[in-house]
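Listed below are the residues making up each chain.
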Amino acid sequence: MKEQNPVQIYWSLLNHKNWKMYIAATSKGLCYVGSHNQPFEELAEWSVKHFPDTPLVEEHEKLKPFAKEMVQYLDGKRKSFTIPFDYHGTEFQTAVWNALCKIPYGETKSYSDIANFINKPAAVRAVGTAIGANPILITVPCHRVVGKNGKLTGYRGGLEMKKQLLEIEKS
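Rules used throughout
Residues numbered from 1 in each chain as written. Predicted model: local features only at pLDDT ≥ 70, side-chain atom pairs only at ≥ 80, totals over all residues. Heavy atoms only, no water. Helix = DSSP H or I, 4+ residues; strand = E, 2+ residues; numbered from the N terminus. Rg over C-alpha atoms; globule rule 2.2 N^0.38 Å. Buried < 20%, exposed > 50% of the residue type's maximum accessible area, 1.4 Å probe, protein only. UniProt positions renumbered as here; feature names shortened; annotations may be inferred. Pairing = 2+ DSSP bridges. Axes fitted to C-alpha atoms, helices over the stretch in contact; angles between N-to-C directions. Phe/Tyr/Trp six-rings, centres within 6.5 Å; stacked < 30°, edge-to-face > 60°. Lys NZ or Arg CZ within 6 Å of the ring centre and 35° of its normal. Parallel < 35°, antiparallel > 145°, perpendicular 65-115°, else oblique. Contact = heavy atoms within 4.5 Å. Nonpolar A, V, L, I, M, F, W, Y, C, P; charged D, E, K, R; others polar. Arc of directions from axis to C-beta. Polar contact = N/O pair within 3.5 Å; in protein donor to acceptor, adjacent residues only side chain to side chain. Core = buried A, V, L, I, M, F, W, Y, C linked by side-chain atoms within 4.5 Å.

As annotated in an unreviewed UniProt entry, the protein is Methylated-DNA--protein-cysteine methyltransferase, inducible from Neobacillus kokaensis.

1. Points about the overall build of the protein
Counting secondary structure elements, the protein contains 6 helices and 6 strands. Secondary structure elements in the protein, listed N-terminal to C-terminal, are β-β-β-α-β-α-α-β-α-α-β-α. For 171 residues, the compact-globule formula gives about 16 Å, and the C-alpha radius of gyration of the protein, at 15 Å, lands near that figure. Structurally, the protein occupies a C-alpha span of about 40 × 40 × 25 Å along its principal axes. Across the 171 residues that make up the protein, the buried fraction comes to 45%.

2. A word on the UniProt feature "domain: Methylguanine DNA methyltransferase ribonuclease-like" (unreviewed entry) in the protein
The sites that UniProt annotates as "domain: Methylguanine DNA methyltransferase ribonuclease-like" (unreviewed entry) are residues 9-87. In residues 9-87, helix accounts for 33% and strand for 28%; the two terminal C-alpha atoms are 12 Å from one another.

3. Let's talk about the sheet that holds strand β1 (residues 9-16)
As a general point, the strands of a sheet are linked pairwise by backbone hydrogen bonds and lie either parallel or antiparallel. Pairing is mixed in the open sheet, where 4 strands are placed in the order β3-β2-β1-β4. This sheet does not close on itself; its edge strands, each paired only once, are β3 (30-33) and β4 (56-58). Looking at each pair of strands side by side, their axes are set apart by 30° on average, direction ignored. Pairing analysis gives 3 bridges linking strand β2 (residues 19-25) to β3, with the strands arranged antiparallel.

4. Details of the packing of aromatic side chains
Within the structure shown, the criterion is met by 9 aromatic pairs. Between Tyr 32 and Trp 46, the ring centres sit 4.8 Å apart and the planes meet at 35°, which makes this aromatic pair tilted. Linking Tyr 32 in strand β3 with Trp 46 in helix α1 (residues 40-50), this pair joins segments that are 14 residues apart in sequence. By the burial criterion, Tyr 32 is buried, and Trp 46 matches it. For the ring pair Tyr 87 and Trp 97, a centre distance of 5.2 Å and an interplane angle of 80° mean the geometry is edge-to-face. Taken together, the residues span a long stretch of sequence, with Tyr 87 in the loop between α2 (60-74) and α3 (91-100) and Trp 97 in helix α3 at a distance of 10 residues. Members of the aromatic cluster, joined through ring pairs, are Trp 11, Tyr 22 and Phe 40. Just above the ring of Tyr 10 sits the side chain of Lys 62; from NZ or CZ to the centre is 5.0 Å.

5. Quick notes on the packing of α3 against helix α5 (residues 124-132)
Two numbers describe a pair of packed helices, the interaxial angle and the distance between the axes. Remark: α3 packs on α5, axes separated minimally by 9 Å, with the N-to-C direction vectors making an angle of 80°. As summarised for this structure, α3 and α5 are arranged roughly perpendicular, according to the angle between their axes. Of the residues in α5, those in contact with Phe 92, Gln 93, Val 96, Trp 97 and Leu 100 of α3 are Ala 126, Val 127, Ala 130 and Ile 131. Of the residues that constitute the contact of α3 with α5, the class distribution is 8 nonpolar, 1 polar and no charged.

6. Quick word on α1
Listed as buried for α1 are Leu 43, Trp 46 and Ser 47. Across the axial projection of α1, the buried residues extend over an arc of 100°, all falling on one side. Facing away from the buried side of α1 by more than 90 degrees, the exposed set consists of Glu 45, Val 48 and Lys 49. The secondary structure elements touched by the buried residues of α1 are β1, β2, β3 and β4.

7. Some remarks on the side chain of Thr 54
Tracing the sequence through the fold places Thr 54 in the loop between α1 and β4. Only 3.2 Å separates the side chain of Thr 54 from the backbone oxygen of Phe 51, close enough to count as a polar contact.

8. Thoughts on the nonpolar core
Judged by nonpolar contacts, the single largest core of 39 residues is most densely connected at Met 21, Leu 74, Val 96, Leu 100, Ile 138 and Leu 165. With 5 residues, the top contributor of residues to this core is α2. Residues within four places of Val 96 in sequence aside, it is in contact with Ile 114, Ile 118, Val 127, Ala 130 and Ile 131. In this structure, Trp 11, Tyr 22, Cys 31 and Leu 43 belong to the second largest nonpolar core, which totals 9 residues.

Given below as structure tokens:
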């Protein structure tokens, strides 16, 4: 059964120090964090795919609480988020995204660790696909997932962004 779309998606550009990314929320919570330095079209394409016929409304005021926690994180002053999320995915994707939220700040896990955590040890590839579909970068910390050998692997925001986020968490 397809969930009913929210009436509107509110968006704003988070522009802080060398970080620039679009963020979006519904009335229920943060629903999207874009890749670093990507154009508005990234958000627009995601919105059309996941919330067809839902207007995107520029609304800096409504996004302030979300932007505030993200800025605190980017400044190394926040280790977890208290803002509400509103992500939509399959049952499997949601299980993976919830597992990502349990990876402690400053630590990394492998794709197999996540597959084992959700009791689907053979679903390592599917876990990777679900992680790649994570709409809420940073706050749902998919950047904390690395290859089994500890090497950085794919990231929707690009490997440089992933590296920078892991550096923030090392300090």
